[in-house]
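Descriptive structure summary
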Amino acid sequence: MMIAFLLICSLTVGTQSAKTTSHKLQMEANAIIKSGWWNTSDPLFNISDRCNWYDIFCNKAGSIKAIKIEPWGSQLATLNLSTFNYSTFHNLESFVVSSVELHGTIPKEIGHLSKLTHLDLSGNYLKGELPPELWLLKNLTFLDLSYNRFKGEISSSLENLKQLEMLNISNNYFEGYIPFELGFLKNLITLNLSNNRFKGEIPSSIGNLTQLWGLDISHNNLGSIPHELGFLENLYTLDLSHNRLNGNLPIFLSNLTKLEYLDISHNLLIGTLPSKFFPFSDYISSMDLSHNLINGEIPSYIVYIYRFNLSNNNLTGTIPQSLCNVYYVDISYNCLEGPFPSCLQLNTTTRENSDVCSFSKFQPWSPHKKNNKLKHIVVIVLPILIILVLVFSLLIYLKHHHNSTNKLHGNITKTKNGDMFCIWNYDGKIAYDDIIKATEDFDMRYCIGTGAYGSVYRAQLPSGKVVALKKLHGYEAEVPSFDESFKNEVRILSEIKHRHIVKLYGFCLHKRIMFLIYQYMEKGSLFSVLYDDVEAVEFKWRTRVNTVKGIAFALSYLHHECTTPIVHRDVSSSNILLNSEWHASVCDFGTSRLLQYDSSNRTIVAGTIGYIAPELAYTMAVNEKCDVYSFGVVALETLVGRHPGDLLSSLQSSSTQSLKLCQVLDQRLPLPNNEIVIRHIIHVAIVAFACLTIDPRSRPTMKRVSQSFVTELTPLSIPLSEISVQQLMSEELRALIYIGNP
């Protein structure tokens, strides 16, 4: 009797639970309809099919887990946050309503979204102050309110968002002081407070944010720089420009050894440059100290910097040879004296340094005698300059050299064959003869690899430095297509700089001998590592994940951060190089193409078989989604340990429907037992399959991929041993890392 009673109770409870779930789902459906965000008059509108809409993602129970409204979605043109019933969506984790001309304010009801981890309301016309309820969303890891019209102060209740990893409130009208409590958000990876009206000091508590890799507080009204900023050793970019920062130049910034981009321009900083100027790292992409009150001389030692702006300061003295380590330098509007180093004739701006002579045989002018010597300038100097310009122009004409090569800055000497040998991005001491001697005239003993149109050599220079040389085969040097490809690589790599793109140190272009000089990568290509059993075992899971992330960051930079977007067109494991610390760099830009969005970008198919996007079989149109597909192949190959062609071709077979992820992972490594590593492997696998979608429009952008890698994957309740490949391809898992359709 008791058993029957319990059975009846359980059935009753189950029925009530089912009714409750059904009721909640119906409430969600009603809320979607009443929001007015979707076109219910569309004949194709079907509310019961909402989980398959472009902008909605559901969990297994059919409850809405993510809403992603973007300009190209299916929603109506006019949206308002006040028409959305927040209390209905108990399971909502991701809420993205970006760049859709939202008006109004953020309602206090947003506090009902207790499970929310990802909130993006950027690029709209939202205004007013932020509601206190916003700071109750304790599970938030991503908050982007940038490019709106918000005002008021940021509440100290911000400290409640302990899980936050990305905070962007830039380009608004926020004012007052930056709250000290900001420093309690120790999980922050990127922080952008730029283009607001913050005043006072940068809080010292910011030194607690040791996970930060990007910090932008530019275009505000802030005072001094706290020395605690020197604790942020993981910073990759730092922008404090356009403030009212005063005091001495912050020498403690030299602690930031990973910094590649620094902008502290347009402030009131004083003091002198240190004798060994800011040795952050081996390579600095950009450093801007312009429009300050810095005085003294330019130091005699400067590490390699791609762009260095010292203009509009009070610098004095002569221009040192150390500036030869800078690809582009602006030293205009200072009080510098001549002579002018010959290595700086190109890519250098020297306006309003009236005491700087362009050629060393001229003596420096005295600023106190300028008026007295005006006649001498006109009578003597001007004719000489005109003659020199004419002679220089004639030499340029006789060289018959490609215009793009002439623009490259470097130490240029004539080779034995009479053409150009150019070195930059290095110590300036490499000579053509050093290269020939180091390789014994490119003896095959020094050859470490052969590609489609060239061989790669390892060369140890007299200084002890090791470089890699890519030499075009002699018989192919006269083929126009190979010649153009070689020059294209020089052109591309001389203009782009990124920690995950191989560094080009120089080149020699001549019809008899053509070679490029690269950073040497000790581990060789990703392909060679994966197909060597010994190396593959050393290539641990955590390192493999970091390799995939590095490739993603490099491609995102090419596609979205270059002035003209660049498509690599040949992303493959053979074109990913690894150094002694397993850090990845993308290489081989011979077939790269600059994207012109006002043209069709049609061209011949280029790339490596097995990595080429399928749409190129029927269209010649090249776009960044071709690289995205190739990246997906490489990412999966890194996890599987071999080219995943067989896996991809078998996915539609019924026999592989239950194939588990653990079965396809590289069997040469033991399965990971660390929860964080497992989570990252799953993350990479989800991203890889999203990038391998047949329809290029459904693939994520590399920017979205790279952004997903700086947010943490929501822990899964399913153990690794039970996750199937089919699940990895589901929209549900993609939504967890915000890598759904672009």
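- Going by what an unreviewed UniProt entry lists, the chain is known as non-specific serine/threonine protein kinase and is assigned to Medicago truncatula.

1. Looking at the overall build of the chain
- From N to C terminus, the chain includes 15 helices and 39 strands.
- Here the chain holds 742 residues, and the buried ones make up 53% of them.
- A fraction of 53% describes how many contacts in the chain between residues 6 or more apart in sequence connect residues 24 or more apart.
- When the accessible surface of the chain is totalled, it reaches about 34100 Å², and 54% of it is carbon and sulfur.

2. Focus: the side chain of Asn243
- Here Asn243 is to be found in the loop between strand S15 (237-239) and strand S16 (246-248).
- With sequence-adjacent residues up to four places away left out, Asn243 is seen in contact with Ile217, Ser218, His219, Asn220, Asn221, Leu222, His266 and Asn267.

3. Here's the deal with unusual backbone geometry
- Notably, Glu101 is not glycine yet its phi reads approximately 65°, a positive angle.
- With respect to the helices and strands, Glu101 occurs in the loop between strand S3 (94-97) and strand S4 (103-104).
- A positive phi angle, near 50°, is found at Glu440, a position not held by glycine.
- Within the secondary structure layout, Glu440 lies in the loop between helix H4 (432-438) and strand S30 (447-450).
- Under the relative-accessibility criterion, Glu440 is labelled partly exposed at 40%.

4. Comments concerning the nonpolar core
- With 92 residues, the main nonpolar core has Phe95, Leu191, Leu215, Leu238 and Phe308 as its most contacted residues.
- Where this core is concerned, the elements lending two or more residues are helix H1 (2-35), strand S1 (56-58), strand S2 (64-69), S3, strand S20 (284-288), strand S23 (305-309) and strand S25 (326-330).
- With sequence-adjacent residues up to four places away left out, Leu238 is seen in contact with Leu215, Leu229, Leu253, Leu256, Leu259, Tyr261, Leu262 and Asp263.

5. Thoughts on the pairing of strand S31 (residues 454-460)
- By the bridge criterion, three bridges tie S30 to S31 in an arrangement that is antiparallel. From the neighbouring strand, Gly449 faces S31, where its bridge partner is Val456.
- Pairing analysis gives seven bridges linking S31 to strand S32 (residues 466-472), with the strands arranged antiparallel. The residue bridging Ala459 from the neighbouring strand is Val467, located in S32.
- The hairpin formed by S31 and S32 contains five residues between the paired strands, and Gly464 there has a positive phi angle of roughly 95°.

6. Here we look at the side chain of Asn292
- Tracing the backbone shows Asn292 in the loop between S20 and strand S21 (295-296).
- Residue Asn292 is classed as buried on the basis of its relative accessible area of 5%.
- A polar atom in the side chain of Asn292 sits 3.1 Å from the backbone nitrogen of Leu269.
- When neighbours within four sequence positions are excluded, Asn292 is seen to be in contact with Ile264, Ser265, His266, Asn267, Leu268, Leu269, Asn312 and Asn313.

7. Describing the pattern of salt bridges
- Here the structure, examined in full by the defined rule, presents nine salt bridges.
- The shortest N-O distance in the salt bridge between Arg499 and Glu260 comes to 3.2 Å. Note that Arg499 is positioned in the loop between helix H5 (480-493) and strand S33 (504-509) and Glu260 in the loop between S16 and strand S17 (261-263), a separation of 239 residues in sequence.
- Ionic pairing is found between Asp666 and Arg544, a salt bridge with its closest N-O pair at 3.0 Å. Of this pair, Asp666 sits in the loop between helix H11 (661-664) and helix H12 (675-691) while Arg544 sits in helix H8 (residues 541-560), and the two are 122 residues apart along the sequence.
- Take Asp666: its relative accessible area is 4%, and that puts it in the buried class.
- It is possible to trace a salt-bridge network through shared partners that takes in Asp533, Arg544, Asp666 and Arg668.

8. Re the packing of aromatic side chains
- Under the counting rule described, the total for this entry stands at 16 aromatic pairs.
- Here the aromatic rings of Trp38 and Trp53 are separated by 5.8 Å at their centres, their planes lie at 40°, and the arrangement is tilted. Remark: Trp53 occurs in the loop between H1 and S1 and Trp38 occurs in the loop between H1 and S1; sequence separation between them is 15 residues. There is no split in this pair, since Trp38 and Trp53 are both buried.
- Geometrically, the ring pair formed by Phe442 and Phe515 is tilted, given 5.4 Å between the ring centres and 55° between the ring planes.

9. Topic: the sheet that holds strand S38 (residues 584-586)
- The strand order S35-S37-S38 describes an open sheet built from three strands, whose pairing is antiparallel. In the strand order of this sheet, the two ends are held by strand S35 (524-525) and S38, each with one partner.
- Where S35 and strand S37 (residues 576-578) come together, two bridges link them in antiparallel fashion. Each bridged residue has a counterpart across the sheet, and for Ser525 the counterpart in S37 is Leu577.

10. Section: the state of the cysteines
- According to the stated counting rule, one finds one disulfide in the structure shown.
- The residue that forms a disulfide with Cys51 is Cys58, at a sulfur-sulfur distance of 2.0 Å. Judged by the sign of its S-S torsion, about -90°, the cystine formed by Cys51 and Cys58 is left-handed.
- Judged by relative accessible area, Cys51 falls into the partly exposed class, the value being 31%.

11. Some remarks on the environment of Ile169
- Along the polypeptide, Ile169 turns up in the loop between strand S9 (166-168) and strand S10 (173-177).
- Accessibility expressed as a relative area gives 5% for Ile169, which makes it buried.
- Sequence spacing of Ile169 and Ser146 is 23 residues, and the spatial spacing of their C-alpha atoms is 4.5 Å.
- Apart from residues no more than four positions distant in its own chain, Ile169 is found in contact with Leu145, Ser146, Ile154, Phe174, Asn192, Leu193, Asn196 and Phe198.

12. Description of H8
- Between its first and last C-alpha atoms H8 spans 28 Å; for 20 residues at 1.5 Å apiece the expected length is 28 Å, and the two agree.
- Judged by how many residues are buried, H8 sits mostly within the fold: 16 of 20 residues are covered.

13. Here we look at the sheet that holds strand S26 (residues 335-337)
- Across the sheet, which stays open at both edges, the three strands sit in the order S21-S24-S26 with parallel pairing between neighbours. If you trace the sheet from one side to the other, it starts and ends with S21 and S26, each paired once.
- Direction of pairing for strand S24 (residues 314-318) relative to S26: parallel, over a ladder of three bridges. The partner of Thr318 across the bridge, within S26, is Glu337.

14. Quick notes on the environment of Val710
- Note on placement: Val710 falls in the loop between helix H13 (702-708) and helix H14 (725-728).
- With relative accessibility at 18%, the residue Val710 sits in the buried group.
- A C-alpha to C-alpha distance of 7.3 Å links Val710 and Ile189, two positions 521 residues apart in sequence.

15. Brief notes about helix H9 (residues 624-640)
- The end-to-end C-alpha distance of H9 is 25 Å, a good match for the 24 Å that 17 residues give at a rise of 1.5 Å each.
- With 17 of 17 residues buried, H9 lies mostly within the body of the structure.
- The N-cap residue of H9 is Asn623: its side-chain oxygen and the backbone nitrogen of Lys625 are 2.8 Å apart.
- Directly beyond the C-terminal end of H9, a positive phi value near 90° is found at Gly641.

16. Re a nonpolar patch on the surface
- Together, Leu268, Ile270 and Leu293 make up a nonpolar patch on the protein surface, roughly 240 Å² of accessible area in all.
- Tracing the chain through its elements places Ile270 in strand S18 (residues 268-270).

17. Observations regarding the pairing of S20
- Most of S20 sits inside the fold, with five of its five residues counted as buried.
- Sheet topology places S17 next to S20; three bridges connect them, and they run parallel. Note that in S20 the partner of Leu262 across the bridge is Met287.
- In terms of strand pairing, S20 meets S23 through four bridges, oriented parallel. From the neighbouring strand, Ser286 faces S23, where its bridge partner is Arg307.

Calculation criteria
- Residues numbered from 1 in each chain as written.
- Predicted model: local features only at pLDDT ≥ 70, side-chain atom pairs only at ≥ 80, totals over all residues.
- Heavy atoms only, no water.
- Helix = DSSP H or I, 4+ residues; strand = E, 2+ residues; numbered from the N terminus.
- Buried < 20%, exposed > 50% of the residue type's maximum accessible area, 1.4 Å probe, protein only.
- Contact = heavy atoms within 4.5 Å.
- Areas by Shrake-Rupley, 256 points an atom, 1.4 Å probe, with all protein chains shown as cover.
- Core = buried A, V, L, I, M, F, W, Y, C linked by side-chain atoms within 4.5 Å.
- Pairing = 2+ DSSP bridges.
- Polar contact = N/O pair within 3.5 Å; in protein donor to acceptor, adjacent residues only side chain to side chain.
- Salt bridge = Lys/Arg side-chain N within 4 Å of Asp/Glu carboxyl O.
- Phe/Tyr/Trp six-rings, centres within 6.5 Å; stacked < 30°, edge-to-face > 60°.
- Disulfide = S-S within 2.5 Å.
- Expected span 1.5 Å × (residues − 1).
- Patch = residues over 30% accessible without salt bridge, like charges linked within 9 Å, V, L, I, M, F, W, Y side chains within 5 Å.

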